[in-house]
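Here's the letter readout for the chains.
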Amino acid sequence: MILVSILLILLSLLLVYLFSKNTFFFNFNVIDIEEYENSLEEANILFSNSKYQESEKIYIKLIKLDSKKIDPYLNLFWTYYMTPYSDKNKSIEITEKCIKNTHERICKRLNMILMLQNDDLDKIDDSLITFEKNMDDLDYWSLIIYFDKIGNYDKFEEMVKNYLDSSSVYEKMIYDFRMWQFHDISNYLITNDKIDTAMFFFHQIIEKKDNFDEHYKIEAKQYLSRLYQKRADFKKAEDLLININNACSYQALGALYSKMNYTNKVIQSFIKSADIEPNRNDLQFKAAMLCFNYGVYGCAETYIDRAINISNISIYNEIKGYIFLGQNRIEEARDIFNELYKINSSLFPQVGLAHILIIEMDYDAAKLILKDSKMYLDILDLNEYELENKIFDIGEYFRLVKSMISLGFGWIYSNQGIYEESLQYFDQVLIFNSKNILGRVSKVNSLIWLNKLEEAEILLNETLELYPENQYVHEAVGLLHFNKGDYEEAEDSFKKVLDIEDKKYTCPYEGLGLIYYNQGDYSKSKKNLIKSIDINPDIEFKKYNTLAKIYIKEEKFNEARILLEKSIENYPYDDEAKNLLEDLNEKE
């Protein structure tokens, strides 16, 4: 008896000691409350940093330590339901365990939503859909889906309205619980083609003064804008977005303006998106890509440099190499492509090096690289190909690579005067991206050289609508007018090009030089042709031929000879320079 009394005293002292340390007994395990809370916080931090597998292990451990605490169940549910680590079966399993161990109402509601989404209506207990009191957002959300699935549309509409009048808000971990519901309901209504109900839903949220914070209203405007776009009401779609000063809305505006073919507004919208959040490399990259795709290379360089400064990813540098090519900075582009190819012999730098060979007129070597790249693409399993940090959608990445390969082939043939052959490759570029400015302008130029002026004009007018302020498009307009003999219109177009870019673009000066030569104004012709040669001596031949003819008239035969030899070096496929040189030799 004395021994029993002593044991009871010792047990009491042990309990006092344990409770003084903030611990308690549960399922024969001793749990330190502070340690439990610290572990939960650690798991939440891991979760917020997208380390889902690590956080999952801690949540499971915490459930084993105390199966009645709700937070680990809910956090695991978020993990399995909403993240890239999602698993539908595990999300169902965790709600069932939560119901069994905690009897918490929220677990039943989450389980019901999963059953509804799986169309397992027979598994939904009547008690879960019959609420006599304490209705909240989650209940209405469940009932919206339930009544729709059973075809009770009066109740469906009633629950949508009740949800809009509800004011309760859940916040769990890093997610706003109500925003999650809002997204799910929105996507449910849209994907199930309940457009009128969805529009009513979004209008109501925008107009509610108290129940919804501003970020809900912004999201509702963005969803509603998409629906107006679906109905081709672009003005209402624009009005909803135009006064929202955040990155997401500017991107949505950019996508809208792209549908409306407002090219300048597309670029401006994506630039504003990048400027609002200057520390997001993905936004800087998107702005750079828009500028690059539209041929605005100065803008593209600015934003690709910003992206690289935030995160030095190889794809960013690959694009920078192509931007340098567009600016005729050949050696800088070569350095980038060579360095990238040493690190990782991937497609894009390899194709970039082929483009440099095209510029250097080593067409056979360029063609070999492009053929190898195309063959590799044709057999490549995109499912096994991973992009660094998933900056690019894989499909988008390879469309861009394919475009550059086809452009390369097209330029190889057009640079050699084989214009019919070049057209099929420029058409391929436009299949990959119908708005590709280089593909469009290159095709127009080939059509002009083939004297298919009507066909060229139709494509050029379409392109001018897309890119009303682009220098390459206006240069092509000038070339078209020149070949039609409309010198006044051609002059206006070439001068418009110079208003946009007058320092690095040789073609408009060449065009003006040819116009003035045909008009007999040799002084103005010479001035423009010399300027064209100074900007880039290694491309084109007509500027050399025409300036040589002026020097021949001035009896500057040696200067003319140098020009004609350079013309033949640049373009050995045309006979004009050879004939002029032969005549010059006979004169001497």
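Remember, predicted model here, so these are calculated numbers, not experimental data. (Residues numbered from 1 in each chain as written. Predicted model: local features only at pLDDT ≥ 70, side-chain atom pairs only at ≥ 80, totals over all residues. Heavy atoms only, no water.)

Visitor: Would you mind showing me how to read the environment of Asn-246 here?
Guide: Note that Asn-246 resides in the loop between α13 (234–241) and α14 (247–259). Separated by 29 residues in the primary sequence, Asn-246 and Asp-275 place their C-alpha atoms 9.9 Å from one another. Residue contacts for Asn-246: discarding those within four places in its chain leaves Ile-218, Gln-222 and Ile-276. At 2.7 Å, the side chain of Asn-246 forms a polar contact with the backbone nitrogen of Ser-249. (Helix = DSSP H or I, 4+ residues; strand = E, 2+ residues; numbered from the N terminus. Contact = heavy atoms within 4.5 Å. Polar contact = N/O pair within 3.5 Å; in protein donor to acceptor, adjacent residues only side chain to side chain.)

Visitor: Would you mind showing me how to read helix α6 (residues 105–117) here?
Guide: Turn by turn, an α-helix covers 3.6 residues, leaving residues three or four places apart pointing in a common direction. A rise of 1.5 Å per residue sets the reference length of α6, with its 13 residues, at 18 Å; its end C-alpha atoms lie 19 Å apart and thus fit the reference within 8%. Most of α6 is tucked away, with 10 of its 13 residues classed as buried. Restricting attention to buried positions, one finds in α6 the residues Ile-106, Cys-107, Arg-109, Leu-110, Asn-111, Met-112, Ile-113, Leu-114, Met-115 and Leu-116. Of the residues trailing α6, Asp-119 is marked for its positive phi of about 60°. (Expected span 1.5 Å × (residues − 1). Buried < 20%, exposed > 50% of the residue type's maximum accessible area, 1.4 Å probe, protein only.)

Visitor: What exactly am I supposed to notice about the pattern of salt bridges here?
Guide: Pairing is possible between side chains that carry opposite charge, provided their charged atoms lie close to one another. Applying the stated criterion across every chain, the model contains 24 salt bridges. Residue Lys-155 is joined to Glu-158 by a salt bridge in which the shortest nitrogen-to-oxygen separation is 3.7 Å. Residue Lys-155 and its partner Glu-158 are both found in helix α9 (residues 153–165); the two are separated by three residues, about one turn of the helix. Owing to a relative accessible area of 32%, Lys-155 belongs among the partly exposed residues under this scheme. With a relative accessible area of 36%, Glu-158 lands in the partly exposed category. For Glu-554, the salt bridge identified is with Lys-526, shortest N-O distance 2.8 Å. With Glu-554 in the loop between α30 (542–553) and α31 (557–570) and Lys-526 in helix α29 (residues 522–535), this residue pair connects regions lying 28 residues apart in the sequence. (Salt bridge = Lys/Arg side-chain N within 4 Å of Asp/Glu carboxyl O.)

Visitor: What exactly am I supposed to notice about the nonpolar core here?
Guide: Nonpolar side chains tend toward joint burial in soluble globular proteins. One finds Phe-201, Phe-202 and Phe-285 to be the most contacted residues of the largest nonpolar core, which totals 123 residues. Among the elements that make up this core, the one with the highest residue count is helix α22 (residues 394–415) (10 residues). Tyr-36, Tyr-59, Ile-63 and Ile-106 belong to the second largest nonpolar core, which has 26 residues in total. (Core = buried A, V, L, I, M, F, W, Y, C linked by side-chain atoms within 4.5 Å.)

Visitor: Is there a simple way to think about the environment of Asn-293 in this case?
Guide: Tracing the sequence through the fold places Asn-293 in helix α16 (residues 281–293). Sequence separation between Asn-293 and Asn-436 is 143 residues; the distance between their C-alpha atoms is 6.8 Å. Beyond its immediate stretch of four places on either side in the chain, Asn-293 contacts Leu-400 and Ile-437.

Visitor: What is the right way to look at unusual backbone geometry in this model?
Guide: Both trends apply: most residues other than glycine have a negative phi, and most peptide bonds are in trans. The residue Ser-50 is not glycine, and still its phi comes out positive at about 65°. Among the secondary structure elements, Ser-50 is positioned in the loop between α2 (33–48) and α3 (52–65). Taking the relative accessible area as the measure of exposure, Ser-50 reaches 45% and is therefore partly exposed. Backbone geometry places Met-361, a non-glycine residue, at a positive phi of 65°. Among the structural elements, Met-361 can be located in the loop between α20 (347–359) and α21 (363–379). Given a relative accessible area of 26%, Met-361 falls into the partly exposed group.

Visitor: Could you clarify how one ought to interpret the side chain of Glu-301 in this entry?
Guide: Within the fold, Glu-301 resides in helix α17 (residues 297–310). Judged by relative accessible area, Glu-301 falls into the buried class, the value being 17%. Not counting the four nearest positions on each side in its chain, Glu-301 is found in contact with Ile-323, Phe-324, Gln-327 and Arg-329.

Visitor: I keep staring at the confidence of the model for the protein and nothing clicks. Help me out?
Guide: Per-residue confidence for the protein gives a mean pLDDT of 83; residues scoring 70 or more make up 86%. Note that pLDDT drops below 50 for residues 6–11; the model gives that stretch zero contacts with residues more than four away or on any other chain. Taken together, the stretch residues 13–29 has pLDDT below 50 and engages in 24 contacts with residues farther than four places along the chain or on a different chain. (pLDDT = per-residue confidence, 0-100.)

Visitor: Quick question: what am I supposed to make of the packing of aromatic side chains here?
Guide: Any aromatic ring pair is given by two values, namely how distant the centres are and how the planes are angled relative to each other. Throughout the structure, instances matching the rule amount to 22 aromatic pairs. Through pairs of rings, three or more aromatic residues link up here, namely Tyr-322, Phe-337, Phe-348, Tyr-397 and Phe-398. Against the face of Tyr-36 rests Lys-69, its NZ or CZ located 5.4 Å from the ring centre. (Phe/Tyr/Trp six-rings, centres within 6.5 Å; stacked < 30°, edge-to-face > 60°. Lys NZ or Arg CZ within 6 Å of the ring centre and 35° of its normal.)

Visitor: Help me understand the side chain of Lys-443 in this model?
Guide: With respect to the helices and strands, Lys-443 occurs in helix α24 (residues 437–449). Not counting residues within four places of it along the chain, the set of residues in contact with Lys-443 comprises Leu-423, Phe-426, Asp-427, Leu-430 and Leu-459.

Visitor: Where do I start with the packing of α20 against α21 in this structure?
Guide: Relative orientation of the contacting elements α20 and α21 amounts to 155°, with a least axis distance of 8 Å. With respect to each other, α20 and α21 are oriented roughly antiparallel. Our pair here, α20 against α21, has a crossing hand that is left-handed. Across from Leu-347, Gln-350, Val-351, Ala-354, Leu-357 and Ile-358 in α20, the residues of α21 making contact are Tyr-363, Ala-365, Ala-366, Ile-369, Leu-370, Asp-372, Ser-373, Tyr-376 and Leu-377. (Axes fitted to C-alpha atoms, helices over the stretch in contact; angles between N-to-C directions. Parallel < 35°, antiparallel > 145°, perpendicular 65-115°, else oblique. Left-handed = near helix turned anticlockwise from the far one by under 90°.)

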